[in-house]
Amino acid sequence: MAQQLDPATREALIARVRFYRDLGLTEFYRRPVDEIENVGASGFATLDQVSSAASQSALHEGIQEEQPIPPRKPLPIAPEIGASVPRADRAAALQLIREDIGECTRCALHKGRNKLVFADGSPTARLMFVGEGPGADEDAQGLPFVGRAGQLLNNMISATGLKREEVYIANVVKCRPPGNRTPEPEEANTCSPFLFRQIDVVRPEVIVALGATAATYLLGQRQPLAGLRGRVHSFRAAKLIVTYHPAYLLRDPRQKKEAWADLQIAMRELGLKAPAKA
Ligand code: SF4
């Protein structure tokens, strides 16, 4: 007999399925999502297809899914690349973007934020990291990647031989999604043009997308992480490498080796050598 779950538990299960699917981990399904999904000519899978996959998986476990997740909208085309800003003017240009954002209420995420998280690091960085959005620590401090995941990112940066203040760090959305959920497409699409402007000003040579959400909104295509890692993409004026989000690496440290391999691609593109161990 099918086990009945309360709506909150069902929602949590579906959210978990989406989370793993976005990370490119589909093996835990009884039927892999990519076999179930019928990705159209646009290359976009829809979330209701994922939901359907989740429901089928859940049904295998005796769980009934009654609340369909609304479909995702296609990703927008990123705007034209902005004109190059002289290095000496980049800090001021970033400040103008920050002022443009202001006390933003352009999307629903403003309702739950304490502090808007713009960015951290060097306005002339050669290497940029892009995450998904602020968590609780970031929301409290107004800086990206300052919690446990931030500590791990700092270690990753050190491993490249750079200091945190030498790179530039930002997120797809600048306000914390409630409960650290994945930003909704409408939220990410509203906020990401500011990120694109930041990228155009900083002009990093290499961008590292941390996790599937960052990769999705930078590359403009929704693909499992596994299909995007291990190679060099191009985005605007930069080369783009995709790797795991540090929060995921905290949950599954076995993947750190894979993340290090991704960072080594970024280092190779920048001509960096790992510092000698003391
Ligand atoms: Fe504005 Fe971005 Fe915050 Fe939404 S997430 S309110 S678009 S700054």
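Residues numbered from 1 in each chain as written. Predicted model: local features only at pLDDT ≥ 70, side-chain atom pairs only at ≥ 80, totals over all residues. Heavy atoms only, no water.

**A few points about the overall build of the protein chain**
Right, on to step 1. Helices and strands together make up the secondary structure of the protein chain, namely ten helices and six strands.
Right, on to step 2. Taking the intrachain contacts of the protein chain between residues at least 6 apart in sequence as the baseline, contacts between residues at least 24 apart amount to 71%. (Helix = DSSP H or I, 4+ residues; strand = E, 2+ residues; numbered from the N terminus. Contact = heavy atoms within 4.5 Å.)

**Points about the pairing of strand S4 (residues 206-210)**
Right, on to step 1. Burial analysis of S4 places five of its five residues in the buried class, the great majority of the element.
Right, on to step 2. Burial of the side chains of S4 extends over both faces: Val206, Val208 and Leu210 are buried on one face and Ile207 and Ala209 on the other.
Right, on to step 3. Bridge count for strand S2 (residues 127-131) against S4 is four bridges, and the pairing is parallel. Paired with Val130 across the strands is Ala209, a residue of S4.
Right, on to step 4. Pairing of S4 with strand S6 (residues 238-243) involves five bridges; the strand directions are parallel. Counted as the bridge partner of Ile207 is Leu240 from S6. (Buried < 20%, exposed > 50% of the residue type's maximum accessible area, 1.4 Å probe, protein only. Pairing = 2+ DSSP bridges.)

**So, the nonpolar core**
Nonpolar side chains tend to gather and get buried jointly when the protein is soluble and globular.
Right, on to step 1. By size, the foremost hydrophobic cluster in this structure holds 63 residues, and its most contacted members are Phe129, Tyr168, Ile207 and Leu218.
Right, on to step 2. Sort the elements by how many residues they give to this core and helix H7 (residues 185-202) lands first, with eight residues. (Core = buried A, V, L, I, M, F, W, Y, C linked by side-chain atoms within 4.5 Å.)

**Description of helix H8 (residues 212-219)**
Helical geometry: 3.6 residues make up each α-helical turn, so side chains three or four residues apart lie on a common side.
Right, on to step 1. Most of H8 is tucked away, with eight of its eight residues classed as buried.
Right, on to step 2. Among the residues making up H8, those that are buried are Ala212, Thr213, Ala214, Ala215, Thr216, Tyr217, Leu218 and Leu219.

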